[in-house]
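Commentary on secondary and tertiary structure
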Amino acid sequence: MTTYILRRLAIGVGVLLLASVLVFTLVAESGNPLGPLLANPLTPQSTIRLKILALHLNDPLWQRYWIWFSHVIRGDFGVSNNGLGVGHQLQIHMFVTLRMVILSTVLSIFLAISVGLISALRNGTVVDRGVSVVNFVFLSVPVFVVGLVLKTFVAVPIDQHFNRVVLATAGEQNPLATGNFFQRLPDYASHTILPTLTLVLATYASWAIYQRSTLLDVMNSDYVRLARAKGISPRRVLLRHILRNALIPVTTVIALDFAGILGGAVITETVYGWNGLGRFFLDGVNNLDVNVTLAYLMLTAVIVILFNLMADIAYGFLDPRIRYGKR
Amino acid sequence: MKISKKIRPLLAVVATLALGMNALVASASTPKVQAGGTITVDLNETLAGFNVNNVNSNEFVLQEIMQLVWPTVYFVNNKLALTLNTDLVTKVAVSSKPVETLTYTINPKAVWSDGTPITADDFIYNWQSQSGNPAFTDKGGAAFQPAGTTGYSSIVSVKGSNPAGGASCDAGSAADFNAGLCPNGKTVTVKFGAKTPFADWQGLFGMIVPAHQGRLVGWNTGFNINGGGDESTLLSGSWYYVSSYNQSANTVVLKKNPSYWAKPGNLDSIVFAGSTDDTSGIPGIQSGTFNVFEPVSTSLAMIQQAQAAGSSVSYNVQPGLQFEHFDFNQANAYLKMLKVRQAIAYGTDRSELIALTVGQAAPTTKPLNNHIYMNTQPQYKSNGNAYNHQNIAKAKALLKSTKKFKLEKDGYFHPTYGPEKGKDLSLNISSTTGNPIRSQTEQVFQFQMKKVGIKINIVNYAAGDLFGTVIPGGRYDIAEFAWVGSPFATGNNSIYCSYTNKADCGSNWVHFKNKTEDKLLAEGAAAANPADEAKFYNEADAILWKDMVTLPLYQKPIMTAWSSAYGNILPNASSVGSTWNAQTWGLK
């Protein structure tokens, strides 16, 4: 197992390097980040010259990449086009996003398992069909539509009814809120409920559908029939035999999907005005900011590689039939 | 190009859009409002720093914040008239002989929030940092990086006199570049060069950076947001100060400046906080998440949303300062002919373009007939009336009269020379990708030109490419983008003066040159009074129409929406934005 993990990590580093070269080239060659400045007739030429020097825009591509790489391996992500430290910004934005993503992921897991279980246990009934329809609706509807609908048809009527902000539609917190964490908890909750619910609804559906499918497979397997035949109680059969085995593939799917959740968070943050990784990344793309874009992409690449590895390792632990390493 | 809100001409802070100095303050009634309270304004851009005069932080929303924190000599009201800020400067004397000289008398009570008097040194520092003169350097010897130097580069000296309380003048220091300039003076004398008078001087000294803080922390990076408490030391010389900035949430809280020596702001605090996209705006106001919203772009859907919101949301749509236009690249073998450009202009139905695009959101939008002044400015003169209506017959006649184009059976003209010889006369139109209104405009234009007999191909680029290399490199035929209608007519000089003058005319991408135009633009920039300035610039504009240098289309509408619970919110079409009078806002 250790050899397997080390080998996967080594491959991961190689993938990261390759991705960094590809992304750097794509972003650097996408256009001139000084375009808007150049288009403004009032921008002094001296300022433009200084910006060109600061951003190394006249240097060859390989040299610019080397400057970036040699700083990144020392933990320095450089500065953005407007002179702010990228590493510091990445950290700040990451904590904002992780807050939403972690909460959404946990809630999505619970919801997906619950819904999948209900659907599987009531297989073929009206309940099952109804739940499946709902699942497919949320699977199909884009996340920003869910967000806009929640804002317009849930938050606004509730807030107007109570004549105060119960469900905030933009921002992560009230800037005027004071006190310690617990005193500010109602404000955090008010700002977190809608974005989290949006991301949950956009995420749970595919997992619920997959969970239902694996549950049905397991429920119809021979060892479950044997367990029932042996007189084991239905509850014990469900918990010890069915659910435990049905969770294995779903666990790996969730781990693999984590990067997709981050992508959904980008859109959710835009809809709700959260200043997270999504905004950080979109600002970087819009400004043709190589350092910002690469920092975001490196972060997500690391997350994808790590979670893929975790999925493989988890699978190996959960299913004793799976073993890694030399045979 | 769409010059995004992020990039606004620095001097646009104090937009001069009307003739006459010292016009009356806000020409709208100021209903009674309650004292105290809080308002939240949406903040739809990520802040990079607080020095709005620096190129890295020159953002529209930051301007809206800092005009409440750092003092400005002249401000613009919602009727686009200039008003002297007598809280800061009690009077300004102007003389033009022997050289243009301005004498500001600073209010003796004016102080920064740390108790340091506002003096000539602040004016000296703000001139030096924005002059573009390499003799003046920032902290550590670095070159200043101002967002703009227009006007400041025309000044040759700024000197103080009459220190408060009859004190003697400070000697100043070489390190501060104010040796011998009486930096502690409460009277400031600004002299322009004999050959560089500047007509739009009222736009100078907007959002004045405190000199003693700027020198200490550095102009370029000292006001950058580091999230480490910098904002708590940010000095104020106006109604509000920056109480807190939350970098992770991108929110700014302004509170009343206790050191303000004149009538204080009405609201206790003004919060700038989070929406990142325009769809959040109206629901945000309805839910109370924020109270004032200015979308990046105005759409019919947004206006309908505001209408459907009922009495709880007030809104206003008016022509803004950005105007869409077509650039004609005269380096193109065919566009270099005046009659070809005129034919295109006659064939373009601007009213139809408007009706099918922005007119759906703002039906009162009309064609713009001036390159320099907007429809809403008193200096505006409609110099392009000849092109008010589409005239296909005249367009075709013009092309035929050149004897270089033959109308073929396929309905298109075939040139008898050049790269398209014997083929359909084809021209590319280029704009920014991902802009539905521009896409629609291009398609309608393509259809209109088909009737004239010119084939139009649509070739769009990402904004960075379009303005970074395509347009400046001359790799286009016709380009569609927006200029920000300069609040100072002088801001147009670099666009329309002869392109052969690369030093001063760097924004002339159409390869236009005309000596008479150069003379008129120079005379306008040096005009002794606003009436002469308008006269020269309108004459310059007439030449631009005669030569069909570019074709202005329309002023882009802007929308402001706000909660009806608040009073005194008066949308301002200039680049100062809706917070121009935020010190008077309050709950009804």
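The rules behind each value
- Residues numbered from 1 in each chain as written.
- Chains lettered and ligands numbered in written order.
- Predicted model: local features only at pLDDT ≥ 70, side-chain atom pairs only at ≥ 80, totals over all residues.
- Heavy atoms only, no water.
- Contact = heavy atoms within 4.5 Å.
- Buried area = accessible area lost by both parts, 1.4 Å probe.
- Polar contact = N/O pair within 3.5 Å; in protein donor to acceptor, adjacent residues only side chain to side chain.
- Helix = DSSP H or I, 4+ residues; strand = E, 2+ residues; numbered from the N terminus.
- Nonpolar A, V, L, I, M, F, W, Y, C, P; charged D, E, K, R; others polar.
- Disulfide = S-S within 2.5 Å.
- Buried < 20%, exposed > 50% of the residue type's maximum accessible area, 1.4 Å probe, protein only.
- pLDDT = per-residue confidence, 0-100.
- Pairing = 2+ DSSP bridges.
- Axes fitted to C-alpha atoms, helices over the stretch in contact; angles between N-to-C directions.
- Left-handed = near helix turned anticlockwise from the far one by under 90°.
- Patch = residues over 30% accessible without salt bridge, like charges linked within 9 Å, V, L, I, M, F, W, Y side chains within 5 Å.
- Areas by Shrake-Rupley, 256 points an atom, 1.4 Å probe, with all protein chains shown as cover.
- Salt bridge = Lys/Arg side-chain N within 4 Å of Asp/Glu carboxyl O.
- 1 Å grid on protein atoms, 1.4 Å probe; cavity = no way out; pocket = protein on both sides within 12 Å on 5 of 7 lines; lining within 4 Å.
- Points joined across faces, edges and corners; volume = space filled by probe spheres on them.

**Digging into the interface of chain A and chain B**
Of the residues lining the interface, 49 residues belong to chain A; the matching set on chain B comes to 60 residues. With both chains or domains summed, chain A and chain B bury close to 4,200 Å², and 58% of this area falls on carbon and sulfur atoms. Among the residues of chain A in contact with chain B, A:P41, A:L42 and A:R279 are the three that bury the most area, contributing 15% of the side total. Inspection of the region where chain A meets chain B yields seven residue pairs in polar contact (both at pLDDT 80 or more). At the level of elements, helix 2 (35-39), helix 3 (45-54), helix 5 (86-121), helix 7 (143-162), helix 10 (234-272) and helix 11 (277-286) of chain A are the ones that each hand at least two residues to the side of chain A that touches chain B. Of all the elements, helix 7 of chain A adds the most residues to the side of chain A that touches chain B, at six residues. Of the residues belonging to the side of chain A that touches chain B, the class tally is 21 nonpolar, 21 polar and seven charged.

**A look at the state of the cysteines**
Residues and elements named next belong to chain B. For the structure shown, the criterion picks out two disulfides over all chains. Across a sulfur-sulfur distance of 1.9 Å, C169 and C182 are joined as a disulfide pair. An S-S torsion of about -75 degrees defines the bridge between C169 and C182 as left-handed. Note that C169 is positioned in the loop between strand 6 (155-163) and strand 7 (185-192) and C182 in the loop between strand 6 and strand 7, a separation of 13 residues in sequence. A relative accessible area of 4% places C182 in the buried class. Bridging C497 to C505, the disulfide has an S-S length of 1.8 Å. Here the S-S torsion is close to -125 degrees, and the disulfide linking C497 with C505 is therefore left-handed. Assessed through its relative accessible area of 10%, C497 is described here as buried. Since its relative accessible area comes to 2%, C505 is described here as buried.

**Here we look at the confidence of the model for chain B**
All names here are of chain B. For chain B, the mean per-residue pLDDT works out to 88, and 93% of the residues sit at or above 70. Mean pLDDT in chain B bottoms out at helix 4 (residues 230-233), which sits at 70, and peaks at helix 7 (residues 338-347), which reaches 98. Reported for the predicted complex are a pTM of 0.83 and an ipTM of 0.78.

**With respect to the sheet that holds strand 6 of chain B**
All names here are of chain B. In space, the four strands of this open sheet follow the order 4-5-7-6, with antiparallel pairing throughout. With partners counted over all chains shown, the strands left at the sheet margins are strand 4 (89-95) and strand 6, one partner each. Each adjacent strand pair in this sheet contributes to an overall mean axis angle of 15 degrees, direction not counted. Pairing of strand 6 with strand 7 involves seven bridges; the strand directions are antiparallel. Bridging across to strand 7, V158 finds its partner in V190.

**Here we look at the packing of helix 5 of chain A against helix 6 (residues 126-140) of chain A**
Residue and element names in this part refer to chain A. Close contact between helix 5 and helix 6 brings their axes to 8 Å; oriented N to C, the two are set at 145 degrees. The hand of the helix 5/helix 6 crossing is left-handed. Only V127, D128, V131, S132 and N135 of helix 6 make contact with helix 5, whose side of the interface consists of V115, I118 and S119. Among the residues making up the contact of helix 5 with helix 6, the classes are represented as four nonpolar, three polar and one charged.

**Side note on the environment of B:T150**
Residue and element names in this part refer to chain B. Position of T150 among the secondary structure elements: in the loop between helix 2 (120-130) and strand 6. Relative accessible area serves as the criterion here: at 18%, T150 is assigned to the buried category. Sequence separation of T150 and L204 is 54 residues, and the distance between their C-alpha atoms is 8.9 Å.

**Considerations on the side chain of B:N435**
Residue and element names in this part refer to chain B. As for its position among the elements, N435 is in the loop between strand 15 (426-430) and helix 10 (436-452). Classification of N435 by relative accessible area gives buried; the value is 17%. From its side chain, N435 meets the backbone nitrogen of I437 in a polar contact 3.1 Å long.

**A look at unusual backbone geometry**
Residue and element names in this part refer to chain B. Omega for the peptide link from K97 to P98 comes to -5 degrees, which places this bond in the cis form. Summarising the element assignment, P98 is placed in the loop between strand 4 and strand 5 (101-106). Look at N162: it is not a glycine, yet its phi comes out positive at around 55 degrees. On the accessibility criterion, N162 (52% relative accessible area) is exposed. You will see that F205, though not glycine, has its phi angle at about 55 degrees, which is positive. Counting through the fold element by element, F205 comes out in the loop between strand 7 and helix 3 (211-217). Accessibility expressed as a relative area gives 0% for F205, which makes it buried.

**A closer look at a nonpolar patch on the surface**
Residue and element names in this part refer to chain A. Together, L6, L9, V302, L306 and M310 line one region of the surface with nonpolar side chains, adding up to about 420 Å² of accessible area. Elements with a contribution of two residues or more to the nonpolar patch: helix 1 (2-28) and helix 12 (290-318). The dominant element in the nonpolar patch, judged by the number of residues it contributes, is helix 12, at three residues. Looking at the secondary structure, you find M310 in helix 12.

**Here we look at the layout of surface pockets**
Leftover empty space is mapped by rolling, across the atoms, a probe with the size of a water molecule. All names here are of chain B. One number sums up the size of the second largest pocket: a volume of about 1,400 Å³. The wall of the second largest pocket is formed by 47 residues, among which S494, A503, D504, C505 and G506 lie closest to the centre. Sort the elements by how many residues they give to the lining of the second largest pocket and helix 13 (residues 515-525) lands first, with five residues. Tallied by class, the residues present in the lining of the second largest pocket amount to 20 nonpolar, 21 polar and six charged.

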